[in-house]
Amino acid sequence: MSIHNRCGLCRIDISNLSVYSGEDILIENINMDFHCGQLTALIGKNGAGKTTLIRAILGERKFTGKIRYQRHDNQEIKRPITGYVPQQLTFDKNMPVSVMDFMLAGKKNPPVWLRQRKAEKEHILKRLEQMHCAHVANRKLGELSGGELQRVLLTAATDPMPDLLILDEPASGVDAAGLDLFYKTVSELRNQYHMAILLVSHDLDLIRKYADKVVLINKTVIEQGEVAEVFATDAFRESFGR
């Protein structure tokens, strides 16, 4: 698949990032970098601070330190386009909301005129097809399998196509076939659009298969590098008993 180098972002540098809650240290002195065209997996045992770090990057937690988004010419980007797929979507499964309704509702300025709405629906169908889930467009959200719902959320998170895509345990509760399709779809996005992808996951086998880089944290960064290198460290074995 050819690379469309539409992403002006080149790398994300995180320097001395710390988050506190009162006197409690949630994460401290996080130093890491990750790049466009790469899938970086953020791993660590429960309570290590992964979700706190994600929320800081998303601007949902106050932090000290610096997050710098750099273009290919080393100039700084103030506000990169960021997409986010949560662990799960909380909603009433009995609500008569179709996938198409959900996608249209996510538009900031829903079109008024019929011709515009038709064009919008055609655009959404094309995006759902790219995520291998166009067949669910008219189905109710509550009727979707876990894998189908996560691909719909991935579609929403990548429209518009982001510079940075954050996936926070996005395939929890999804069966093996759904998991493989989800991560293949994510890999296609990385290859075609050259975006930076930051993944939080406990599925070490899938990380080994799909990730380009791993960052192991326990309140701070313990190890980072290529997957095989990090998985071979004592810190990894201490964290996961492997």
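The rules behind each value
- Residues numbered from 1 in each chain as written.
- Predicted model: local features only at pLDDT ≥ 70, side-chain atom pairs only at ≥ 80, totals over all residues.
- Heavy atoms only, no water.
- Buried < 20%, exposed > 50% of the residue type's maximum accessible area, 1.4 Å probe, protein only.
- Helix = DSSP H or I, 4+ residues; strand = E, 2+ residues; numbered from the N terminus.
- Pairing = 2+ DSSP bridges.
- Axes fitted to C-alpha atoms, helices over the stretch in contact; angles between N-to-C directions.
- Parallel < 35°, antiparallel > 145°, perpendicular 65-115°, else oblique.
- Left-handed = near helix turned anticlockwise from the far one by under 90°.
- Contact = heavy atoms within 4.5 Å.
- Nonpolar A, V, L, I, M, F, W, Y, C, P; charged D, E, K, R; others polar.

1. Comments concerning the pairing of strand E8 (residues 196-200)
- With five of five residues buried, E8 lies mostly within the body of the structure.
- Where burial is concerned, the two faces of E8 agree: the one with Ala196, Leu198 and Val200 and the one with Ile197 and Leu199 are both buried.
- Across four bridges, strand E3 (residues 39-43) lies against E8 in parallel orientation. Within the sheet, the bridge partner assigned to Leu42 lies in E8 and is Val200.
- Note that strand E7 (residues 164-168) and E8 share five bridges and pair parallel.

2. Overview of the packing of helix H4 (residues 146-157) against helix H5 (residues 176-193)
- Closest axis-to-axis distance for the H4/H5 pair is 10 Å, and the angle between their directions is 20 degrees. The angle between H4 and H5 falls in the class roughly parallel. Read as a crossing pair, H4 and H5 show a hand that is right-handed. For the pair formed by H4 and H5, the contact residues are Gln150, Arg151 and Leu154 on the first element and Leu181, Phe182, Thr185, Val186 and Leu189 on the second.
- In the contact of H4 with H5, the residues fall into five nonpolar, two polar and one charged.

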